[in-house]
Amino acid sequence: MPIYSIKCTECDEHDTFVSKIAERDTTPACHHCNHPTVRTLDAPMVTAMGLSDHAAIKSSIDGSMLYGRSDYYKHLQKHDVLPESEMKGEAAHQKKQIAKKDKEQRKKTISDTIAKLGA
Ligand SMILES: [Zn+2]
């Protein structure tokens, strides 16, 4: 199933969710503040599997031209979008990377808050 990007209407928190195409307009509540979310950028419906390093594809996110697999992944990363149907290992790896990034961001927020409070 495709992955969709959503944005909270209250706190602007970005997130993704997996849904059937038919149900993609039913977005989950914000995991942060529980307010309604809206769908932002659609994850590309194409998979990079089988995409050669020299093939050019048009991004379904912003219409820009991407040249090869690494460009494609960089583009997805830039837009916080996960490839739709990835190889299991790769998807798990990306999930881990995102979780790691998330954790680092949270740690940073905490230390920033502590610094701000002068503790
Ligand atoms: Zn929110």
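Quantities reported herein were computed from a predicted structural model and do not represent experimental measurements. (Residues numbered from 1 in each chain as written. Predicted model: local features only at pLDDT ≥ 70, side-chain atom pairs only at ≥ 80, totals over all residues.)

This part covers the overall build of the chain. Each helix and strand in the chain was counted, giving two helices and five strands. When the helices and strands of the chain are listed from N to C terminus, the series reads β-β-β-β-β-α-α. Here the chain, with 119 residues, has 13% of them falling under the buried criterion. The long-range fraction of contacts in the chain, counting pairs at least 24 apart against all pairs at least 6 apart in sequence, stands at 42%. (Helix = DSSP H or I, 4+ residues; strand = E, 2+ residues; numbered from the N terminus. Buried ≥ 20, exposed ≤ 12 C-beta atoms within 10 Å, placed from the backbone. Contact = placed C-beta atoms within 7 Å.)

Turning to the pairing of strand β2 (residues 14-18), a few remarks are in order. With five bridges joining them, strand β1 (residues 3-8) and β2 adopt antiparallel strand pairing. By the bridge assignment, Ile6 is partnered in β2 with Asp15. The turn linking β1 back onto β2 is made up of five residues, and Asp12 within it adopts a positive phi angle of 65°. (Pairing = 2+ DSSP bridges.)

Quick look at the environment of Gly68 now. Looking at the element boundaries, Gly68 is found in the loop between β5 (65-67) and α1 (69-78). On the basis of neighbour counts, which here come to 16 C-beta atoms within 10 Å, the residue Gly68 falls in the partly exposed class. On a C-alpha basis, the gap between Gly68 and Ile57 in space is 7.6 Å, while along the polypeptide they are 11 residues apart.

Let us now look at the confidence of the model for the chain. Confidence in the prediction of the chain, expressed as mean pLDDT, is 77, and 76% of residues score 70 or more. Mean pLDDT per element in the chain: strand β4 (residues 56-58) is the minimum at 72, and β2 is the maximum at 87. When the criterion is pLDDT under 50, residues 45-49 qualifies, and its contacts beyond four places in sequence or with other chains add up to 13 contacts. (pLDDT = per-residue confidence, 0-100.)

This part is about unusual backbone geometry. The residue Asp12 is not glycine, and still its phi comes out positive at about 65°. Relative to the assigned elements, Asp12 resides in the loop between β1 and β2. Overall, Asp12 belongs to the exposed group, with 9 C-beta atoms counted inside 10 Å. For Asn34, which is not a glycine, the phi torsion comes out positive at approximately 70°.

This next bit is on the environment of Ile98. In this fold, Ile98 is placed in helix α2 (residues 88-117). Given 14 C-beta atoms within a 10 Å radius, Ile98 is considered partly exposed.

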